[in-house]
Amino acid sequence: AEAQHLIVHIDYQEDSLSRNTARAIFSMRLQRWEDGSAIKVFVLPDSHPAHQMFTREILALFPHQLRRSWDRYVYSGIGTAPIEVESEEEMIDRVAATPGSIGYTSLEILNENIRTISVQ
């Protein structure tokens, strides 16, 4: 099994997030960083092995639990779903190009516009 990396755009200055904060961000309940800027969340498809591993190991959730949370926000009109990308390479490119963004990958990060942070 590949190690999972929580990745953020280089402009995010913290070195870690709590598991609860990461869950709130990826379930779309937390939509702004501490400085008030918008969080742009990127995810892989539910069936992608890296998505399944990330949700279980980092968030301690199942992919269907995240999907249910997103659906609730979208269908109630109070929020949006995260932006879905097709591959881990696209995930890295989109996070690197989008200030305020967060995502995850099991790939090695070779991009100066991305920082890897830990989950406590």
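Up top is the structure these notes are about.
Residues numbered from 1 in each chain as written. Predicted model: local features only at pLDDT ≥ 70, side-chain atom pairs only at ≥ 80, totals over all residues. Heavy atoms only, no water.

Caption draft 1: Main features of helix H4 (residues 88-97). When H4 is considered as a whole, its buried residues turn out to be Glu88, Met91, Ile92, Val95 and Ala96. Projected down its long axis, H4 carries its buried residues within an arc of 125 degrees, all on one side. Each element contacted by the buried residues of H4 is listed here: strand E1 (5-9), strand E3 (40-43), helix H2 (49-57), strand E5 (101-105) and strand E6 (114-119). (Buried < 20%, exposed > 50% of the residue type's maximum accessible area, 1.4 Å probe, protein only. Helix = DSSP H or I, 4+ residues; strand = E, 2+ residues; numbered from the N terminus. Arc of directions from axis to C-beta. Contact = heavy atoms within 4.5 Å.)

Caption draft 2: Representation of the sheet that holds E3 in the model. Strand order in this open sheet of 6 strands is E2-E6-E1-E5-E3-E4, and the pairing throughout is mixed. The strands lining the two open edges of the sheet, one partner per strand, are strand E2 (16-17) and strand E4 (83-84). Two strands pair when backbone bridges link them, and E3 and E5 are joined in this way by 2 bridges, in the parallel orientation. Its bridge partner lying in E5, Val41 is registered against Ile102. Sheet contacts for H4: E1, E3, E4, E5 and E6; angle to E5, the most-contacted strand, approximately 155 degrees. (Pairing = 2+ DSSP bridges. Axes fitted to C-alpha atoms, helices over the stretch in contact; angles between N-to-C directions.)

Caption draft 3: Up close: the nonpolar core. Of all hydrophobic cores here, the largest spans 33 residues; its most connected members are Leu17, Phe26 and Ile102. Broken down by secondary-structure element, the contributors of at least two residues to this core are E1, helix H1 (19-26), E3, H2, helix H3 (63-76), H4, E5 and E6. Broken down by element, this core gets its largest block of residues, 4 residues, from H4. Non-local contacts of Leu17, meaning those with residues more than four positions away in its chain, are made with Leu6, Tyr12, Ala22, Ile25, Trp33, Ile102, Ile117, Ser118, Val119 and Gln120. (Core = buried A, V, L, I, M, F, W, Y, C linked by side-chain atoms within 4.5 Å.)

Caption draft 4: Inspection of unusual backbone geometry at higher detail. One non-glycine residue, Met28, lies in positive phi territory at about 75 degrees. For Met28, the location among the structural elements is in the loop between H1 and E3. Classification of Met28 by relative accessible area gives buried; the value is 7%. Of note in the backbone geometry, Ala60 takes a positive phi value of approximately 60 degrees without being a glycine. Mapping Ala60 onto the fold places it in the loop between H2 and H3. Among the residues examined, Ala60 registers a relative accessible area of 42% and is labelled partly exposed.

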